[in-house]
Amino acid sequence: MQIDLEHLHHWMQAIRQSNNPMRTMDAFWSGQLRSKEWLINCLDEHVHVQSTIDIHGGWVGVLASMIFQSNIPCSYIRSVDIDPLCEFTANIMNQIEYNSGRFKAITADMTNIRSDTDIVINTSCEHITQDQYDLWLTGLRQDAIIVLQSNNYNIPEHIRIAKSLDEFVEQSELTNILYKGELELPLYTRYMIIGQK
Ligand SMILES: C[S@@+](CC[C@H](N)C(=O)[O-])C[C@H]1O[C@@H](n2cnc3c(N)ncnc32)[C@H](O)[C@@H]1O
């Protein structure tokens, strides 16, 4: 996908102004960007009307910015992250849309808030336990399109990896699966499911 120069400027501002630029740049490893490009290409086929989107575990806001630059018809994105440092950086990363009222980053635990958006994205499934995930799922609209990503990368901060796509499907507990797939990356395999409760 193409990143335009105006957005690139805000990406660089967000990195430079963030509390920890090296850590913020972790969001730009090619595996991270390829996973998000894959998500956008797959989600695009399922979104036909202007939609509102919640991104849970939205980190520093790169996925939101990439969606705004894609063909997905999107009127508003809220990015939710439990780490208070992410809010400031994500709002700068998406400064154009923040200024026009189409984007807002907030600090919250995804399991404590409800979502009334048309689409809910959680690419941080490996960062929450199954109990937290189950609670999280109850807070989403019955008809929401849910986009989930996880992986088989076994490192300490990943508290619930999936060892296969089938295992991830089981963990997801979605009944109407519109898409499922995997993406081979150098260090791990990323899994994705798009579906409804
Ligand atoms: C390393 S990042 C993103 C990893 C993910 N694979 C991706 O590419 O989007 C994981 C993010 O999830 C956030 N997070 C973890 N638990 C959370 C929770 N309960 N509620 C909201 N955000 C959470 C962390 O603060 C972090 O910013």
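See the structure shown above.
To keep things clear, this report deals only with the structure shown in the data block.

Conventions used here
Residues numbered from 1 in each chain as written. Predicted model: local features only at pLDDT ≥ 70, side-chain atom pairs only at ≥ 80, totals over all residues. Helix = DSSP H or I, 4+ residues; strand = E, 2+ residues; numbered from the N terminus. Rg over C-alpha atoms; globule rule 2.2 N^0.38 Å. Buried ≥ 20, exposed ≤ 12 C-beta atoms within 10 Å, placed from the backbone. Contact = placed C-beta atoms within 7 Å. Expected span 1.5 Å × (residues − 1). Arc of directions from axis to C-beta. Pairing = 2+ DSSP bridges. Right-handed = clockwise from strand over helix to strand, strands pointing away. Near = placed C-beta within 6 Å. Nonpolar A, V, L, I, M, F, W, Y, C, P; charged D, E, K, R; others polar.

### Some points on the overall build of the chain
Regarding its fold elements, the chain presents 8 helices and 7 strands. Taking 16 Å as the expected radius of gyration for a compact globule of 197 residues, we find that the chain reaches 16 Å, a close match to that expectation. By its C-alpha atoms, the chain is 40 × 35 × 30 Å across when sized along the principal axes. A burial count over the chain gives 36% of its 197 residues as buried. Long-range pairs, those at least 24 residues apart, make up 72% of the contacts in the chain between residues at least 6 apart in sequence.

### A word on helix α1 (residues 5-17)
For α1, which comprises 13 residues, the first-to-last C-alpha distance of 18 Å matches the rise-based estimate of 18 Å (1.5 Å per residue) to within 8%. Residues W11, A14 and I15 constitute the buried set of α1. In an axial view of α1, the angular spread of the buried residues amounts to 95°, which keeps them on one side of the axis. Turned more than 90 degrees from where α1 packs its buried face, L5, E6, H9, M12 and R16 sit exposed. Check the buried side of α1 and you find it contacts α2 (21-25), α4 (62-68) and α5 (84-93).

### Section: the pairing of strand β2 (residues 74-81)
Burial of β2 is extensive: 6 of the 8 residues sit out of reach of the surface. Note that strand β1 (residues 51-56) and β2 share 6 bridges and pair parallel. In the strand pairing of β2, I55 is matched with S79. As for the winding sense of the linkage, the β-α-β connection from β1 through α4 to β2 is right-handed. As paired strands, β2 and strand β3 (residues 103-107) are joined by 5 bridges and run parallel to one another. Opposite V80, over in β3, you have I106 as the bridge partner.

### Observations concerning the site of the ligand
Around the ligand there are 16 residues in total, and G57, I82, M110, T123 and S124 lie nearest to it. Looking at side-chain class alone, the shell around the ligand contains 6 nonpolar, 7 polar and 3 charged residues.

### Examining the pairing of strand β7 (residues 189-196)
Burial within β7 is extensive, with 6 of its 8 residues counted as buried. In the sheet, strand β5 (residues 145-151) pairs with β7 via 6 bridges, with the strands oriented antiparallel. If you follow Q149 over to β7, its bridge partner there is M192. As paired strands, strand β6 (residues 176-184) and β7 are joined by 8 bridges and run antiparallel to one another. Paired with K180 across the two strands is I193, which belongs to β7. Hairpin geometry of β6 and β7 is characterised by an intervening segment of 4 residues between the two adjacent antiparallel strands.

So far we have only geometry, and geometry alone does not tell us how the molecule works.
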